[in-house]
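Residue-level structural notes
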Amino acid sequence: MESNTLNRMESEAGSTERDDARAQIDLITADRQALAQRVAQHPWWHTLASAAITAVIVAAPLSGSMWIVTLISVLLISASTALDKECDKRMGVSIMKPVGRRSLAIVITLVTVEVALFGASLGIMFSELSGSIALNSALAAVVTIVGLRMLSRTMAQEIRHGR
């Protein structure tokens, strides 16, 4: 008799623990969904401003002076950092820190392509074919827009599904 009562109490305690665990998992799932929704709604103004900043940096070699290229690059990279921080503050979440492997791969690819386009613009500057720099600049803007949209969607998926 005593063992039946003890078994029933243990069973009820286990059931309560399972219910509590399920409730916690449901809360975590709801938080993930809400966070993923925030990331997926990456602000359009951030994407366009980032594309403009990238395009101007890639176009900086049109000036023909490495001093001006350096000054423009430093100023605009600082502006980009401030833009990211403002966006993070408004959204309540960092949008440029990769969540998983796929978002990390997108960030690495995006940065690599943009650095390559800037390097190509520098090479073009030294070979004095400045018309091609404008094309590089436009390409950099498009790559930035597409890359940031892909990054937002990928990060949202990774958050929803736990990376």
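Our subject is the structure listed above.
Notes on the structure follow. (Residues numbered from 1 in each chain as written. Predicted model: local features only at pLDDT ≥ 70, side-chain atom pairs only at ≥ 80, totals over all residues. Heavy atoms only, no water.)

1. Thoughts on the side chain of Ser121
Inspection of the secondary structure assignment puts Ser121 in helix 4 (residues 101–127). Only 3.0 Å separates the side chain of Ser121 from the backbone oxygen of Val58, close enough to count as a polar contact. (Helix = DSSP H or I, 4+ residues; strand = E, 2+ residues; numbered from the N terminus. Polar contact = N/O pair within 3.5 Å; in protein donor to acceptor, adjacent residues only side chain to side chain.)

2. Description of the nonpolar core
Val99, Ile106, Val107, Leu110, Leu148, Leu151, Met155 and Ile159 together form the largest nonpolar core, which totals eight residues. In terms of residue count, the dominant contributor to this core is helix 5 (residues 131–160) (four residues). Formed by seven residues, the second largest nonpolar core is a distinct cluster that contains Ala59, Val69, Leu122 and Met125. (Core = buried A, V, L, I, M, F, W, Y, C linked by side-chain atoms within 4.5 Å. Buried < 20%, exposed > 50% of the residue type's maximum accessible area, 1.4 Å probe, protein only.)

3. Comments concerning a nonpolar patch on the surface
A cluster of nonpolar side chains, namely Trp44, Leu48, Val142, Ile145, Val146 and Met150, defines an oily patch on the protein surface of about 580 Å² accessible area. Elements supplying a minimum of two residues to the nonpolar patch: helix 2 (44–59) and helix 5. Here the nonpolar patch takes four residues from helix 5, the largest share from any one element. For Val146, the location among the structural elements is in helix 5. (Patch = residues over 30% accessible without salt bridge, like charges linked within 9 Å, V, L, I, M, F, W, Y side chains within 5 Å. Areas by Shrake-Rupley, 256 points an atom, 1.4 Å probe, with all protein chains shown as cover. Salt bridge = Lys/Arg side-chain N within 4 Å of Asp/Glu carboxyl O.)

4. Quick look at the pattern of salt bridges
It is possible for side chains of opposite charge to pair when their charged atoms get near one another. Going through the model one piece at a time under the given rule, you end up with one salt bridge. With a closest N to O distance of 3.5 Å, Lys89 and Glu86 form a salt bridge. A residue pair is termed a helical-turn pair when its members lie 3 or 4 positions apart in one helix, as Lys89 and Glu86 do in helix 3 (residues 66–91) at three residues. Among the residues examined, Glu86 registers a relative accessible area of 27% and is labelled partly exposed.

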